[in-house]
Amino acid sequence: MDVYDAVKSRRAVRGFTDEPVPVEVLQRVLDAARWAPSGSNLQPWRIYVVTGEPLERLKKLATERVAAGDPWDEREYQLYPRELKSPYVERRSEFGRERYSALGIEREDWEARQRAAIANWDCFGAPAALFCYIDRDLGRPQWADVGMYLQTVMLLLRAEGLHSCPQMAWSQVRETVADVVQPPDELMLFCGMSIGYQDPGESYIRTGRAPLEETVSFVSD
Ligand SMILES: Cc1cc2nc3c(=O)[nH]c(=O)nc-3n(C[C@H](O)[C@H](O)[C@H](O)COP(=O)(O)O)c2cc1C
């Protein structure tokens, strides 16, 4: 697959079939993703791939927790600034509008939104997931490295006919994830990523983007 096609066809898929993802494919993708760049080649990502019974157990534990209204685990990092300023605040509400109108949910229907959100912890039905950790001693540049790594994984998944959804939602139940993957204490969970084959019945609206001029300036003579 052409890189442009991989970039353009990657999107956060929130509806997967239960078709298993062959472990050799995941190994091939993650083997290639090792070549993602990182400052001074620190390679600060630490990945746990979870499938089969452990993933089913994790989904069950997490969805039961969330459905019971359990409080989130203590945050290790803030997902967004408390006061999100312009233009980010508008972009976030536009995203919410797109996402919930695709599901036919009214903005004010808090319960339906909660039900849709719970699908996060069922990996939107995906049969495979990875959990991305980073050493808590590392700083912002290394978090950026991890982002590059994750995008590399997502593009390689497209080349294999697979889709993905990166999910910070998993950080809200990080202790449940830790119970299953048993990471060493020095690692903190950044996000999960659901992986699988897209359910053709998934209803979605393609999430838009700001026009090029809004985020890119060409400085030249
Ligand atoms: C680091 C990161 C965390 C995300 N966390 C979630 C999440 O918890 N749940 C979810 O449904 N989508 C999540 N997303 C997906 C974004 O909402 C999505 O990438 C964005 O709206 C753009 O849409 P697109 O990826 O479909 O083009 C996350 C994306 C990133 C990069």
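Everything quoted here is computed from the prediction, not taken from an experiment. (Residues numbered from 1 in each chain as written. Predicted model: local features only at pLDDT ≥ 70, side-chain atom pairs only at ≥ 80, totals over all residues.)

**Student:** Looking at this structure, I do not really get the sheet that holds strand β4 (residues 187–196). What am I missing?
**Tutor:** Neighbouring strands of a sheet are bound in pairs by backbone hydrogen bonds; such pairs are parallel or else antiparallel. Pairing is antiparallel across the open sheet formed by four strands, whose spatial order is β1-β2-β4-β3. Single-partner strands in this sheet number two, and they are β1 (45–51) and β3 (163–167). Strand after strand, the sheet turns through a mean of 25 degrees between neighbouring axes, direction not considered. Most of the contacts of helix α3 (residues 52–67) go to β1, to which it runs at about 95 degrees, and overall it touches β1 and β2 (128–135). (Pairing = 2+ DSSP bridges. Helix = DSSP H or I, 4+ residues; strand = E, 2+ residues; numbered from the N terminus. Axes fitted to C-alpha atoms, helices over the stretch in contact; angles between N-to-C directions. Contact = placed C-beta atoms within 7 Å.)

**Student:** Sorry, what's going on with the site of the ligand here?
**Tutor:** Taken together, the residues surrounding the ligand are Arg11, Ala12, Arg14, Phe95, Asn120, Cys165, Pro166, Gln167, Met168, Ala169, Cys191 and Thr207. If one sorts the elements of the shell around the ligand by residue count, β3 sits on top with three residues. Residues of the shell around the ligand, tallied by class, amount to seven nonpolar, three polar and two charged. (Near = placed C-beta within 6 Å. Nonpolar A, V, L, I, M, F, W, Y, C, P; charged D, E, K, R; others polar.)

**Student:** What's the story with the packing of α3 against helix α7 (residues 174–181) in this structure? I'm lost.
**Tutor:** A pair of packed helices is characterised by two quantities: the angle between their axes and the separation of those axes. Closest axis-to-axis distance for the α3/α7 pair is 10 Å, and the angle between their directions is 160 degrees. Our classification of the angle between α3 and α7 gives roughly antiparallel. Viewed along their axes, α3 and α7 form a crossing whose handedness is right-handed. Judged by residue contacts, Pro54, Arg57, Leu58, Leu61, Ala62 and Arg65 of α3 engage Thr176, Val177 and Val180 from α7. Its residues assigned to classes, the contact of α3 with α7 comprises six nonpolar, one polar and two charged. (Parallel < 35°, antiparallel > 145°, perpendicular 65-115°, else oblique. Left-handed = near helix turned anticlockwise from the far one by under 90°.)

**Student:** Just to check I follow, could you spell out the nonpolar core for this structure?
**Tutor:** Buried together is how nonpolar side chains tend to be arranged in soluble globular proteins. Counting residues in hydrophobic clusters, the biggest one holds 39 residues, and the most contacted among them are Ala129, Phe131, Cys132, Val153, Met193 and Ile195. Of all the elements in the fold, those that place two or more residues in this core are α2 (23–33), β1, α3, β2, α6 (140–159) and β4. A total of eight residues in this core trace back to one element, the largest contributor, which is α6. Ignoring anything within four residues of it in the chain, the contact list for Val153 reads Val29, Leu30 and Ala33. (Core = buried A, V, L, I, M, F, W, Y, C linked by C-beta atoms within 7 Å. Buried ≥ 20, exposed ≤ 12 C-beta atoms within 10 Å, placed from the backbone.)

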